[in-house]
Amino acid sequence: MLAATWLEWRAVRRALTAHRELGIDLGEVIRCGVGLRRWAPPAGFSPALITCGLAGGLRPDLRPGTVVIAEAVALEGGEPVVCDPGWVRALVTGARARGHEPAVGAVLTARRPVVGAARRTWAQRGFLAVEMETALLAPSRAPLGSLRVILDAPSREMSSKWAAPGRAVLDPRRWGEMLWLATRAPRYARRAALCLAAGLEEHAKPEPQPHA
């Protein structure tokens, strides 16, 4: 599992603790950094790479708090990479088990925040949400999965200044957004982590054996 920020990483670690106490091995949780800046590909084979955390919504009907599960991911100008169908099914089941009906479809991996008219452009191309990591994992050739919760959306858009949080917090024009982020981001990161944990538990279940 990969989470970009400390907030997202901590939420995933906490959500998986109870599962590990039950003896369910759900793999390693790595803080990969925004845009994978802190991540180095594993030397050997990886059974799967699953990203979890927050995302920006692109469609106006997907409001903050919506769970999004990627069926495919793509870089700007790149070809879509299909996520592992087994992981998609497990993550959908996990989200539903936590009481959230997820939006399932294509997710964009962008190099920089997508705001304003650019959101509409990508929504018209069929993308549900935008983040900055998952499609960058495609060269690993590992099975991919991604579960995100929409933090900001066309109905509640944050400034692109938050791409550099250290500077944004010093700008009084951003303080209202900072308060909103401080209340919503931890809640939504926890929602994503709990849905992920339920999905991982679902994926770990043995396949039902056909009747003789």
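If you're wondering where the values come from, they're calculated on a predicted model, not measured in any experiment.

## Structural notes on the pattern of salt bridges
Counting across every chain of the model gives 5 salt bridges. Linking Arg96 and Glu101 is a salt bridge whose minimum nitrogen-to-oxygen distance equals 2.9 Å. A relative accessible area of 49% places Arg96 in the partly exposed class. The partner of Arg148 in a salt bridge is Glu133, with the nearest N and O atoms 3.1 Å apart. One end of the pair, Arg148, is in strand S8 (residues 144-152); the other, Glu133, is in the loop between strand S7 (127-131) and S8, and 15 residues separate them in sequence. Residues Arg148 and Glu133 agree in their burial class; the two are buried. Several salt bridges share partner residues, and in doing so they unite Glu131, Glu133 and Arg148 into one network.

## Describing the pairing of strand S4 (residues 67-75)
Along S4, 7 of the 9 residues are buried, which leaves the element largely enclosed by surrounding structure. Where S4 meets S8, 3 bridges bridge the pair, whose relative direction is antiparallel. Looking across to S8, one finds that Val68 is bridged to Arg148. When S4 meets strand S6 (residues 103-109), the two strands line up parallel, connected through 7 bridges. Looking across to S6, one finds that Ile69 is bridged to Val104.

Scoring rules and cut-offs
- Residues numbered from 1 in each chain as written.
- Predicted model: local features only at pLDDT ≥ 70, side-chain atom pairs only at ≥ 80, totals over all residues.
- Heavy atoms only, no water.
- Salt bridge = Lys/Arg side-chain N within 4 Å of Asp/Glu carboxyl O.
- Buried < 20%, exposed > 50% of the residue type's maximum accessible area, 1.4 Å probe, protein only.
- Helix = DSSP H or I, 4+ residues; strand = E, 2+ residues; numbered from the N terminus.
- Pairing = 2+ DSSP bridges.

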